[in-house]
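# Coordinate analysis (summary)
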Amino acid sequence: MQPPLFPYREPRKVVGLEDYSAGQPAAPRQRSGATQRTSTKKHSAGQTAFDFEAPAPPSKPFSREMNRRTDYPVAPVSLRGMAALFDAGLVLGMMGLFLLTVRLSLGMIPTGTAFYFCYGFATILIAGVYKLLFCMFGQVTLGLQGAHLQVVSFDGHRPTVTQRFVRMFSGWISLASVGMGVFWSLADRESLTWHDHISQTFLTHYDPEGDDEE
């Protein structure tokens with residue numbers, strides 16, 4: 001018989017196994033002198049709110065990149081250029097009326113560097129108000145109307161108010177970059193400018209006679 005290794009220690013009490021009866025669940029084990037802890041599993045209230053089979057929400061402008069519909073042809077660059085020149089002529093005409101009013105009021109047109117900057121700012125202001133008025137009422141400018149051009153979204157629908165305002169402000173960016181945004185249409189595969197790509201809209205030509213027949 002091998003003697004005990006630790007004779008100075010008291011022998012531990014052996015815990016007996018619980019009696020299991022067939023068909024009955026085992027009783028929970030408890031430690032002497034300790035309180036029973038019940039573990040509760042917490043469920044988040046939002047876990048059951050996910051519906052993975054729900055249809056996808058409708059796409060909104062600027063939420064993703066849209067592919068342009070090919071059944072709406074882009075207006076020729078020459079036609080768009082003629083419409084832009086007509087609008088620029090109207091703005092210069094209104095600026096001429098402004099200078100005529102100054103001439104009649106003061107008896108002269110002041111000259112000098114400071115006045116030249118003021119005249120340039122007045123021209124930009126007149127052009128901005130001219131574009132803004134048509135944009136607010138959801139219409140194209142007189143030059144575009146005369147060339148029978150209309151603004152269409154890439155998906156073929158009527159552009160939203162947001163798209164119209166984005167197109168107007170991005171058009172100023174195209175001009176402010178020494179006209180690079182406008183000349184981009186000469187190198188673009190679909191003859192689109194910077195403000196066309198930014199606003200996801202473009203100009204297309206329509207036949208007024210065809211609309212009258214319908």
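All of these numbers come straight from a predicted model, not from anything done at the bench. (Residues numbered from 1 in each chain as written. Predicted model: local features only at pLDDT ≥ 70, side-chain atom pairs only at ≥ 80, totals over all residues. Heavy atoms only, no water.)

## Quick word on the pairing of strand E2 (residues 201-205)
- Of all 5 residues in E2, 4 are buried; the element is thus mostly enclosed.
- One ladder, built from 5 bridges, connects strand E1 (residues 149-153) with E2; its direction is antiparallel. Bridge pairing in E2 links Leu-149 to His-205. (Buried < 20%, exposed > 50% of the residue type's maximum accessible area, 1.4 Å probe, protein only. Helix = DSSP H or I, 4+ residues; strand = E, 2+ residues; numbered from the N terminus. Pairing = 2+ DSSP bridges.)

## Some points on the confidence of the model for the protein
- With 66% of its residues at a pLDDT of 70 or more, the protein shows a mean pLDDT of 78.
- Averaged pLDDT values for the elements of the protein fall to 59 in helix H7 (residues 208-213) and rise to 94 in helix H1 (residues 77-106).
- Low confidence marks residues 32-41, where pLDDT is under 50. Its contacts with residues over four positions away, or in another chain, come to 2 contacts.
- Under a pLDDT of 50 for its full length, residues 43-52 has, in the predicted model, 0 contacts with residues more than four places off or in other chains. (pLDDT = per-residue confidence, 0-100. Contact = heavy atoms within 4.5 Å.)

## Remarks on the nonpolar core
- The biggest cluster of nonpolar side chains holds 9 residues, and these are Ala-75, Leu-79, Ala-83, Val-140, Leu-144, Ala-147, Leu-149, Val-151 and Leu-203.
- At the level of secondary structure, the elements contributing two or more residues to this core comprise H1 and E1.
- Those residues in contact with Val-151, other than ones at most four positions away along the chain, are Val-140, Pro-159, Arg-167, Thr-201, Phe-202 and Leu-203. (Core = buried A, V, L, I, M, F, W, Y, C linked by side-chain atoms within 4.5 Å.)

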